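The residues making up each chain are set out below.
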Amino acid sequence: MQPGPPYQQGPQQPYPPQGYPGYPQPGYGPPPKKSNTGLIVGLVIGAVVLLGGGGVAAFLLLSDSGSSSTAAPTSSKKSGPPDKYTSMPACERIGSKVRNLPPLETPKGEEPASTSNDEITYTRSSCSWREPNAPSATVSMYLSKSKEPGSGAGEAWAKAGVENAVTDGGVLIPSMAKSTKAVHTKLDSPSQCQIKFYQGNVEGEIIVTGPDPSGTVNQTVCKENALKMARATSEAIG
């Protein structure tokens, strides 16, 4: 068999043809579409930072304004009337103001007294006038000295003793010499009567006993005698 005529190729054309509608020129195409994802993420982060920063700034402003107002300092230090007295009068001075008293027993002077209050120094002075078959009188003066000057602990303790006597059924005495408050106390003994008073940081206690300590005393007369002794004591304290 004889071979046929050689295949004849036509002129070489690029494929696809240049300038063919719908196809871009080689090496040129539409610019790639830019993604907005990074921009959006950046804006979101920026907003979060701004909002977070604003919150922190607001917190700091609030904190600063709160810390700038300083509360008034509180003090646990007590305050009250200063101690009016530092010593007690002598028994002779009290007795000189009352007529017809029995003889004065030898005074013991000022001595420590028992107390549960650790804010004061507590001392007692006592005076007694006695003789057989006659009414007797005893005066006790309790001095409360504040350990902390200006705390008022001394007068508060003296006052408390009289207030307790009122609570226990005592009868107030409207006014008595220089005392701050005085009261006829309630006693169970029929042979005695008692007056308590406080004057500044001093508490006075007067007990009058009838001629027979085991008997019964006329309460009206007893209270009159006790009132004389209480007035004399208050005047002597000053």
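It should be noted that the structure appears before, not after, this text.
Residues numbered from 1 in each chain as written. Predicted model: local features only at pLDDT ≥ 70, side-chain atom pairs only at ≥ 80, totals over all residues. Heavy atoms only, no water.

This brings us to the state of the cysteines. All chains considered together, the criterion is met by two disulfides. One disulfide in the model links C91 with C127; its S-S distance is 2.0 Å. Because the sign of the S-S torsion sets the handedness, a value of about -80° for the bond joining C91 and C127 places this disulfide among the left-handed ones. Note that C91 is positioned in helix α2 (residues 91-95) and C127 in strand β2 (residues 120-129), a separation of 36 residues in sequence. (Disulfide = S-S within 2.5 Å. Helix = DSSP H or I, 4+ residues; strand = E, 2+ residues; numbered from the N terminus.)

Taken in spatial order, the seven strands make up an open sheet running β1-β2-β3-β7-β6-β5-β4, and their pairing is antiparallel. What marks the edges here is a single partner per strand, and that holds for β1 (111-112) and β4 (171-173). Helix α3 (residues 153-167) contacts β2, β3 (136-146), β4, β5 (181-184), β6 (192-199) and β7 (202-209) of the sheet and is inclined by roughly 150° relative to β6. Across the sheet, helix α4 (residues 219-237) lies against β2, β3, β4, β5, β6 and β7, angled at about 25° from β6, the strand it touches most. (Pairing = 2+ DSSP bridges. Contact = heavy atoms within 4.5 Å. Axes fitted to C-alpha atoms, helices over the stretch in contact; angles between N-to-C directions.)

Our next topic: the pattern of salt bridges. Scanning the model with the defined rule gives four salt bridges in all. For R130, the salt bridge identified is with E105, shortest N-O distance 3.4 Å. Here the residue R130 occupies a position in the loop between β2 and β3, and E105 occupies one in the loop between α2 and β1, the gap between them amounting to 25 residues. The exposure class assigned to R130 is partly exposed, which follows from its relative accessible area of 39%. Between E205 and K196 there is a salt bridge, and its shortest N-O distance comes to 4.0 Å. The same class applies to E205 as to K196, namely buried. (Salt bridge = Lys/Arg side-chain N within 4 Å of Asp/Glu carboxyl O. Buried < 20%, exposed > 50% of the residue type's maximum accessible area, 1.4 Å probe, protein only.)

For the rest of this paragraph, the subject is the packing of aromatic side chains. For the coordinates displayed, the defined rule picks out two aromatic pairs. Ring centres of Y122 and Y142 lie 5.7 Å apart, and the angle between their planes is 20°; this geometry places the pair in the stacked category. Taken together, the positions of Y122 in strand β2 and Y142 in strand β3 put the pair 20 residues apart, joining distant regions of the chain. Pair check on accessibility: Y122 and Y142 agree, each one buried. Taking 6.3 Å as the distance between ring centres and 90° as the angle between the ring planes, the aromatic pair formed by Y122 and W157 counts as edge-to-face. On the criterion of sequence distance, the pair formed by Y122 in strand β2 and W157 in helix α3 is long-range, its members being 35 residues apart. Looking at W157, the relative accessible area reads 28%, which means it is partly exposed. (Phe/Tyr/Trp six-rings, centres within 6.5 Å; stacked < 30°, edge-to-face > 60°.)

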